[in-house]
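So the chains spell out like this:
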Amino acid sequence: MTSPEQGRLAGPLSMSVANLCHRLQSQVSARTAAGFAEVLRRLGAPLQVAVAGRIKSGKSTLVNALIGRRVAPTDIGECTRLVTRFQYGTVDRVEIVFTDGRKQVLPFAADGMIPAELGVDIEQVSHIEAYLTNAVLQGMTVIDTPGLGSLDAASVSRTEQLLGAAKHRKDEDDEEGSDELDDTSRNAVAGAEAVLYVVTQGVRADDQQALAAFTAATASREAGPVNAIAVLNKADTIAPESVDGADGDVWKAATILAEKQASTLKPRVADVLPVIGLIAESAESGGFTSADAEALRQLAALDDDILQTMLISADIFTSWECDVPSGTRLRLLEKLDLFGISHAVEAIRQEPEITAGALRRSLLDASGLEAVRQRLSIVFAARADGIKAAAALASVTALAHASADPAERQRVHDAIEVLLAKPEAHQLRLLEALTLVASGAVDMPEDLSEEVLRVGSNADIGAQLGKPGAPRQELAAHALERAGWWRSFASFGATPAQSRVAHVVHRAYFLIWQQIREPQS
Ligand SMILES: Nc1nc2c(ncn2[C@@H]2O[C@H](COP(=O)(O)OP(=O)(O)O)[C@@H](O)[C@H]2O)c(=O)[nH]1
Ligand SMILES: [Mg+2]
């Protein structure tokens with residue numbers, strides 16, 4: 001039987017974990033069963049992606065760009081100090097969730113955004129739930145966080161709580177027999193499953209710490225490049241002359257810096273992609289209007305010397321004597337900043353007849369958002385089954401661990417052992433191997449590490465084998481050939497660490513081959 005939740009499960013492994021929870025529910029205490037119910041609910045939900053990073057790194061701006069709608073308040077206001085979960089819903093609706101579980105509907109502000117001020121006692125607010133009809137949210141729930149490294153201790157602790165980094169304190173005054181989730185259980189199931197980490201120029205020590213805390217708390221197995229990617233945001237504000245080899249080009253400078261940060265953050269994240277969240281937000285959320293395009297056209301018509309002078313700083317840009325009203329210029333600055341304005345003017349000068357729509361697309365291209373979207377879908381969507389199942393298993397383990405009944409602990413433990421021996425559980429080992437290779441913990445020749453990444457990062461068999469669209473027979477033959485190769489590599493010529501990875505890759509190919517070989521009569 002397939003319940004509506006099961007229809008949305010990420011894949012076969014999530015299905016097995018869901019079955020395990022269903023089966024055990026009647027054999028454990030009411031409290032553990034309540035925890036399992038929560039695990040089941042989360043398994044059926046889209047991947048939970050937290051957007052994390054220091055305060056003012058541009059998280060909310062990027063959230064708006066990803067959702068394609070300017071809905072998360074940016075800069076200041078109460079709301080920027082709270083966790084907001086953006087999830088798919090059939091009707092747009094925002095709720096304040098209080099720490100005591102109470103909920104209150106919050107009307108959208110006139111501009112369609114979540115109001116920056118809530119009109120309630122913020123100390124009593126747990127977080128905000130925003131249900132939106134935007135299609136992007138069918139694939140993932142996006143969680144905006146207030147940010148680490150802020151001066152406000154309360155928002156830091158809200159963020160840490162969400163990321164699972166809060167200390168799991170043991171409940172001393174346990175109320176026996178309560179069906180409610182205790183704090184341990186709540187924390188165990190509350191952590192996000194993947195993280196989009198926003199950094200700006202220069203990674204600090206606490207950025208690394210936050211990432212470490214997050215990865216330790218999510219999947220019970222060593223997580224990292226499997227469920228975390230980073231963006232270098234505000235790429236437009238990088239001074240290219242400060243970066244060697246950039247040749248004065250902002251985007252080139254951003255790419256060089258992003259690569260540097262990737263090597264610093266490497267054990268923790270898959271990639272660091274440069275992005276200009278502000279331009280992405282304006283281009284994607286309807287913020288960029290034809291009136292803006294018109295104003296840019298007027299600016300493009302100015303004498304180039306004058307324009308270049310104006311573009312030296314925001315102050316000069318708004319205060320310079322010019323036909324475009326200074327209020328309009330201020331608006332352009334807010335939407336595109338100097339780099340975006342200069343990019344747009346350049347595009348207009350190259351193609352004077354360019355439409356407002358084409359200008360918007362050109363800005364979107366310049367923002368780097370598409371690459372972030374693609375990476376999100378490759379890294380997260382393709383691994384959602386493994387990521388969600390690992391997080392669920394970690395929660396199940398934590399729930400059993402917190403149980404006072406040794407027999408119950410043993411029962412859950414045994415069930416997990418059985419599950420881990422199933423073929424579909426092999427992807428957990430593959431994700432682990434991928435983590436070891438991607439983080440550089442196990443050194444591999446480049447072609448081999450690329451192969452491991454390919455096999456571990458794709459959901460589609462053709463893509464896993466590097467032969468998208470190839471006929472089944474060819475795929476089967478290739479899988480078998482690679483299985484054999486990795487087995488002999490594991491036995492001969494590999495270091496012990498490489499050998500462990502090689503065994504996992506061998507088995508991955510073998511399981512692929514089993515799936516697609518000619519049916520046996
Ligand atoms: N120049 C520039 N400014 C940005 C960019 N992304 C965000 N900002 C600005 O940075 C400020 C803080 O952004 P916000 O999204 O509220 O940061 P958060 O605290 O991390 O959520 C806002 O004024 C944004 O307009 C960017 O890519 N470039
Ligand atoms: Mg924010």
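Here is what the cut-offs are and how they apply
Residues numbered from 1 in each chain as written. Chains lettered and ligands numbered in written order. Predicted model: local features only at pLDDT ≥ 70, side-chain atom pairs only at ≥ 80, totals over all residues. Heavy atoms only, no water. Helix = DSSP H or I, 4+ residues; strand = E, 2+ residues; numbered from the N terminus. Buried < 20%, exposed > 50% of the residue type's maximum accessible area, 1.4 Å probe, protein only. Contact = heavy atoms within 4.5 Å. Areas by Shrake-Rupley, 256 points an atom, 1.4 Å probe, with all protein chains shown as cover. Salt bridge = Lys/Arg side-chain N within 4 Å of Asp/Glu carboxyl O. Expected span 1.5 Å × (residues − 1). 1 Å grid on protein atoms, 1.4 Å probe; cavity = no way out; pocket = protein on both sides within 12 Å on 5 of 7 lines; lining within 4 Å. Points joined across faces, edges and corners; volume = space filled by probe spheres on them. Nonpolar A, V, L, I, M, F, W, Y, C, P; charged D, E, K, R; others polar. Phe/Tyr/Trp six-rings, centres within 6.5 Å; stacked < 30°, edge-to-face > 60°. Near = heavy atom within 4 Å. Polar contact = N/O pair within 3.5 Å; in protein donor to acceptor, adjacent residues only side chain to side chain. Sits in = over half its atoms within 2 Å of the grid points. Pairing = 2+ DSSP bridges. Axes fitted to C-alpha atoms, helices over the stretch in contact; angles between N-to-C directions. pLDDT = per-residue confidence, 0-100. Domains from an automatic or database assignment. Arc of directions from axis to C-beta.

A few words now on the overall build of the protein chain. Secondary structure assignment for the protein chain yields 23 helices and 9 strands. Split into buried and exposed, the 521 residues of the protein chain put 51% on the buried side. In the protein chain, the proportion of contacts linking residues at least 24 apart, taken out of those at least 6 apart, comes to 73%. Total accessible area on the protein chain is roughly 23,900 Å²; 51% of this is exposed by carbon and sulfur atoms.

A few words now on the pattern of salt bridges. Overall, the coordinates contain 21 salt bridges when judged by the stated rule. The closest approach of N and O atoms between R93 and E95, which form a salt bridge, is 2.3 Å. E95 sits in the buried class, given a relative accessible area of 9%. Between R331 and D292 there is a salt bridge, with its nearest N and O atoms 2.7 Å apart. With R331 in helix α14 (residues 326–350) and D292 in helix α11 (residues 290–300), the pair connects residues that are 39 residues apart, well separated along the chain. By sharing partners, the salt bridges in this structure join E284, R360, E370 and R373 into a single network.

Let us look at helix α2 (residues 12–25). For α2, built from 14 residues, the straight-helix expectation of 20 Å at 1.5 Å per residue is met to within 8% by its first-to-last C-alpha distance of 20 Å. Considered for burial, the residues of α2 that qualify are L13, S14, S16, V17, A18, L20, C21 and L24.

Let us now look at empty space enclosed by the protein. Under the defined criterion, the tally for this structure stands at 3 cavities of 30 Å³ or more. A volume near 40 Å³ is recorded for the second largest cavity. Lining the second largest cavity are S16, L20, R23, A415, V418, L419 and K422. Elements represented by at least two residues in the lining of the second largest cavity include exactly α2 and α18 (406–420). Residues belonging to the lining of the second largest cavity are distributed by class as follows: 4 nonpolar, 1 polar and 2 charged.

To continue, consider the packing of aromatic side chains. All told, the structure shown has 4 aromatic pairs when counted by the stated rule. On the numbers, 5.3 Å between centres and 80 degrees between planes, the contact of W485 with W486 is edge-to-face. Of the residues examined, W485 reaches a relative accessible area of 31% and is grouped as partly exposed. For W486, a relative accessible area of 0% puts it in the buried group. Seen in terms of ring centroids, F510 and W513 are 5.8 Å apart; in terms of plane orientation they differ by 40 degrees. Their pairing is tilted.

Looking now at the site of ligand 1. If you check the shell around ligand 1, you find 18 residues, and the closest are K56, K59, T61, D75 and D337. One nitrogen or oxygen atom from the main chain of D75 is found 2.6 Å from an oxygen atom belonging to ligand 1. The protein chains hide 89% of the 580 Å² of surface that ligand 1 would expose on its own. More than half of the atoms of ligand 1 fall within 2 Å of the grid points belonging to the second largest pocket. Going through the elements one at a time, α4 (59–67) and α10 (277–284) are the ones with two or more residues in the shell around ligand 1. When residues in the shell around ligand 1 are grouped by element, the largest group, 3 residues, is from α4. In terms of residue class, the shell around ligand 1 is made up of 3 nonpolar, 8 polar and 7 charged.

Turning to the sheet that holds strand β3 (residues 93–98), a few remarks are in order. The strands that make up a sheet are held in pairs by hydrogen bonds between backbone atoms, and each pair lies either parallel or antiparallel. Reading across from one edge, β4-β3-β5-β2-β6-β1-β7-β8-β9 is the order of the 9 strands in this open sheet, with mixed pairing throughout. Both outer strands of the open sheet, β4 (103–105) and β9 (272–274), are each paired with one neighbouring strand and no more. The sheet shows a mean angle of 25 degrees between the axes of neighbouring strands, taken without regard to direction. The strands that helix α16 (residues 369–380) touches are β1 (47–53), β6 (140–144), β7 (194–199), β8 (228–232) and β9; relative to β8, the one it contacts most, it runs at about 170 degrees.

Before going further, it helps to spend a moment on the pairing of β7. Successive side chains on a regular strand alternate, one facing one side of the sheet and the next facing the other. Judged by how many residues are buried, β7 sits mostly within the fold: 6 of 6 residues are covered. Residues of β7 alternate between two faces, with A194, L196 and V198 on one and V195, Y197 and V199 on the opposite face, all of them buried. Bridge count for β1 against β7 is 5 bridges, and the pairing is parallel. Each bridged residue has a counterpart across the sheet, and for A50 the counterpart in β7 is V195. Relative to β8, β7 runs parallel, the two being bridged by 5 bridges. When the sheet's bridge partners are listed, L196 is paired in β8 with I229.

Once that is clear, we can look at the confidence of the model for the protein chain. Across the protein chain, the average pLDDT comes to 85, with 85% of residues at or above 70. Here residues 1–7 is a poorly scored stretch, pLDDT under 50, and it has 6 contacts once near neighbours within four places are set aside; other chains count. Note on residues 165–189: pLDDT is under 50 here. Beyond four places in sequence and across chains, it has 35 contacts.

Turning next to the layout of surface pockets. There is about 890 Å³ of room inside the second largest pocket. Contributing to the lining of the second largest pocket are 41 residues, with G58, T61, T74, D75 and L278 lying nearest its centre. Secondary-structure elements contributing two or more residues to the lining of the second largest pocket are α4, β2 (84–88), α10 and α14. Among the elements that line the lining of the second largest pocket, the one with the most residues is α14, at 5 residues. Residues that form the lining of the second largest pocket fall into these classes: 11 nonpolar, 16 polar and 14 charged. In terms of domain composition, the lining of the second largest pocket takes at least three residues from each of domain 1 (4–165 + 184–276 + 370–383) and domain 2 (286–367).

Further remarks concern α11. Within α11, burial applies to D292, A293, A295, L296, L299 and A300. Angular distribution of buried residues about the axis of α11 spans 160 degrees; they occupy a single face of the element. At its buried positions, α11 is contacted by α12 (304–310), α13 (314–319), α14 and α15 (356–367).

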